[in-house]
Amino acid sequence: MLPSSVYEELGLGSIREKVLAGERLSLEEGLRLFECPDLLAVGALAHHVRTRLHGWTTYYVVNQHINYSNICVNGCRFCAFSRRKGQPGAFELTVDQILEKVRERLHDPITEIHIVGGCHPDLRLETFERLLSAIRRIRPDVRLKAFTAVEIAHFARLEGLSTRQVLERLRAAGLDMLPGGGAEVFSPRIRGLLCPEKLSGEGWLQVVREAHELGIKTNATMLFGHKETLQERLEHLDALRRLQDETAGFVCFIPLPFQPHNTKVDDARGTTGVEELKTIAVSRLMLDNIPHLKAYWVMLTVKLAQVALHFGADDLDGTVVEEKIGHMAGADSEQALTRWELERLIAEAGFEPVERDSFFEKVSGERGGANADTAKERGAA
Ligand code: SF4
């Protein structure tokens with residue numbers, strides 16, 4: 001933490017006091033943090049909170065991402081991933097093809113499989129139940145983190161079921177957790193501009209509330225840097241904070257900088273590094289009840305994600321292996337990182353790398369970090 005005189009000069013003295021006392025910040029205080037020209041002063045406040053929560057631990061996960069299809073009935077303007085059925089670039093994996101991808105990595109000590117796709121017009125809930133059950137049989141040891149709240153609502157519409165019924169059926173088939181995607185920015189103005197066909201912000205929060213009530217934990221995201229105002233960003237964070245007060249079901253928050261390439265957003269400028277770091281820091285400071293904050297290297301780039309560990313983030317996500325959603329929008333990060341690379345990035349930033357599972361439980365024993373697998377990846381005997 002920087003000296004109090006620095007914050008007094010910036011007009012943030014009272015905010016510093018509240019952060020030190022662990023008190024909740026208002027939206028107006030969040031706005032003052034966003035508008036503060038001193039990035040390092042804001043970052044130091046977030047770093048104080050991050051170290052109070054997690055010390056010098058930084059988490060990572062050994063995981064596998066699978067996108068089952070990019071065919072989608074919605075036409076979100078910020079999305080470079082989706083295609084209409086029959087359009088060039090559209091893809092759709094069969095259950096067998098997905099299982100093949102899972103089998104290809106049976107030798108890897110992964111703890112999580114992350115599965116998402118577009119809102120496909122024909123794929124039925126029964127297919128996804130079959131898929132989850134089959135993966136569960138092949139890899140009973142992994143956590144299945146699958147389907148955003150938007151996909152859950154889409155399945156419900158297709159099947160004529162309630163979203164709660166869809167969640168119950170998927171959980172019975174093996175679902176452990178929902179990822180946090182599809183939240184974007186909850187503002188109706190922004191959704192009207194950029195994704196009018198998509199599940200509303202209220203709808204997203206309701207599906208997630210139901211998941212939490214059923215004991216299914218979730219993550220939460222915010223896509224920022226397109227057309228939203230700082231106030232709309234803060235209102236998004238506040239809606240998550242209020243739901244977390246109710247349910248305590250969010251595990252991790254993931255701020256996602258908008259990737260403008262190949263999208264239909266007019267005047268898309270893309271985010272700057274300063275904007276990304278400040279949004280991470282302000283998110284850490286506002287979300288006082290969500291335990292973890294992820295620097296998602298796929299969207300931030302590996303190097304900025306490493307720096308973000310000093311601006312409030314305590315997680316670097318994972319090995320990933322094959323990422324399509326960000327890369328089709330121009331993300332120029334790597335496609336995969338090894339466990340050793342993740343540990344090195346974390347250690348060089350001055351933190352202690354700890355391998356986690358989807359729920360941020362420490363992975364221990366032979367599978368844990370800094371173990372034989374790491375040595376193998378380094379090329380040791
Ligand atoms: S963001 Fe999701 S819902 Fe929107 S078009 Fe892309 S895949 Fe479909």
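Residues numbered from 1 in each chain as written. Predicted model: local features only at pLDDT ≥ 70, side-chain atom pairs only at ≥ 80, totals over all residues. Heavy atoms only, no water.

Naming follows an unreviewed UniProt entry, where the chain appears as Aminodeoxyfutalosine synthase of Desulfacinum hydrothermale DSM 13146. Recorded in UniProt for the chain, the comment headed Function (unreviewed entry) runs: "Radical SAM enzyme that catalyzes the addition of the adenosyl radical to the double bond of 3-[(1-carboxyvinyl)oxy]benzoate, leading to aminodeoxyfutalosine (AFL), a key intermediate in the formation of menaquinone (MK, vitamin K2) from chorismate." Quoted verbatim from the Pathway (unreviewed entry) field of UniProt, the annotation for the chain is "Quinol/quinone metabolism; menaquinone biosynthesis." (UniProt positions renumbered as here; feature names shortened; annotations may be inferred.)

A. Expanded view of helix α11 (residues 230-247). Taking 1.5 Å as the rise per residue, α11 with 18 residues should run 26 Å; its terminal C-alpha atoms sit 26 Å apart, in good agreement. Of the residues making up α11, those classed as buried are Glu-232, Arg-233, Leu-234, His-236, Leu-237, Asp-238, Ala-239, Leu-240, Arg-241, Leu-243 and Gln-244. Elements that come into contact with the buried residues of α11 comprise α3 (27-35), α9 (188-194), α10 (201-213), β6 (217-224), β7 (250-257) and α12 (273-286). Looking one or two residues past α11, Ala-248 carries a phi angle of roughly 55°, positive in sign. (Helix = DSSP H or I, 4+ residues; strand = E, 2+ residues; numbered from the N terminus. Expected span 1.5 Å × (residues − 1). Buried < 20%, exposed > 50% of the residue type's maximum accessible area, 1.4 Å probe, protein only. Contact = heavy atoms within 4.5 Å.)

B. Structural detail: the packing of helix α8 (residues 163-173) against α10. At a closest axis distance of 10 Å, the pairing of α8 and α10 adopts a crossing angle of 45°. By the angle between their axes, α8 is oblique relative to α10. As for the relative orientation of α8 and α10, their crossing is right-handed in sense. Residue-level inspection shows Thr-163, Arg-164 and Leu-167 of α8 in contact with α10, the latter providing Val-207, Glu-210, Ala-211 and Glu-213. Here the residues of the contact of α8 with α10 are counted per class, giving three nonpolar, one polar and three charged. (Axes fitted to C-alpha atoms, helices over the stretch in contact; angles between N-to-C directions. Parallel < 35°, antiparallel > 145°, perpendicular 65-115°, else oblique. Left-handed = near helix turned anticlockwise from the far one by under 90°. Nonpolar A, V, L, I, M, F, W, Y, C, P; charged D, E, K, R; others polar.)

C. Just the site of the ligand, in detail. Around the ligand, the surrounding shell consists of Cys-72, Asn-74, Cys-76, Phe-78, Cys-79, Phe-81, Ser-82, Gly-118 and Lys-198. Its residues assigned to classes, the shell around the ligand comprises five nonpolar, three polar and one charged. (Near = heavy atom within 4 Å.)

D. Structural context of the nonpolar core. One finds Phe-147, Leu-170, Trp-204 and Leu-240 to be the most contacted residues of the largest nonpolar core, which totals 118 residues. Both domains that meet at this core, namely domain 1 (4-48) and domain 2 (56-378), each give it at least three residues. Not counting residues up to four positions away in its chain, the partners in contact with Leu-170 are Leu-125, Phe-128, Glu-129, Leu-132, Phe-147, Ile-152, Phe-155 and Leu-175. (Core = buried A, V, L, I, M, F, W, Y, C linked by side-chain atoms within 4.5 Å. Domains from an automatic or database assignment.)

E. Structural view of the pairing of strand β3 (residues 112-116). Among the five residues of β3, five are classified as buried, and the element is accordingly described as predominantly covered. Of the two faces of β3, the one lined by Glu-112, His-114 and Val-116 and the one lined by Ile-113 and Ile-115 are each fully buried. The pairing of strand β2 (residues 63-67) with β3 spans five bridges and is parallel. Within the sheet, the bridge partner assigned to Gln-64 lies in β3 and is Ile-113. (Pairing = 2+ DSSP bridges.)

F. Representation of the domain arrangement of the chain in the model. Considered domain by domain, the chain is made up of domain 1 (4-48) and domain 2 (56-378). Taken over C-alpha atoms, the centre of domain 1 sits 29 Å from the centre of domain 2. Between domain 1 and domain 2, the residue contacts involve 19 residues of the former and 25 residues of the latter. Taken together, both faces of the contact between domain 1 and domain 2 bury some 1900 Å²; the carbon and sulfur share is 73%. Among the residues domain 1 hides against domain 2, the three largest losses belong to Arg-24, Leu-27 and Phe-34. Together they make up 41% of the total. (Buried area = accessible area lost by both parts, 1.4 Å probe.)

G. Spotlight on the pattern of salt bridges. One pass over the full model with this rule turns up 27 salt bridges. Across the pair Arg-24 and Asp-245 runs a salt bridge, and its minimum N-O distance is 2.8 Å. Here the residue Arg-24 occupies a position in the loop between α2 (13-21) and α3, and Asp-245 occupies one in helix α11, the gap between them amounting to 221 residues. Ionic pairing is found between Glu-159 and Arg-124, a salt bridge with its closest N-O pair at 2.9 Å. Of this pair, Glu-159 sits in helix α7 (residues 149-159) while Arg-124 sits in the loop between β3 and α6 (125-138), and the two are 35 residues apart along the sequence. (Salt bridge = Lys/Arg side-chain N within 4 Å of Asp/Glu carboxyl O.)

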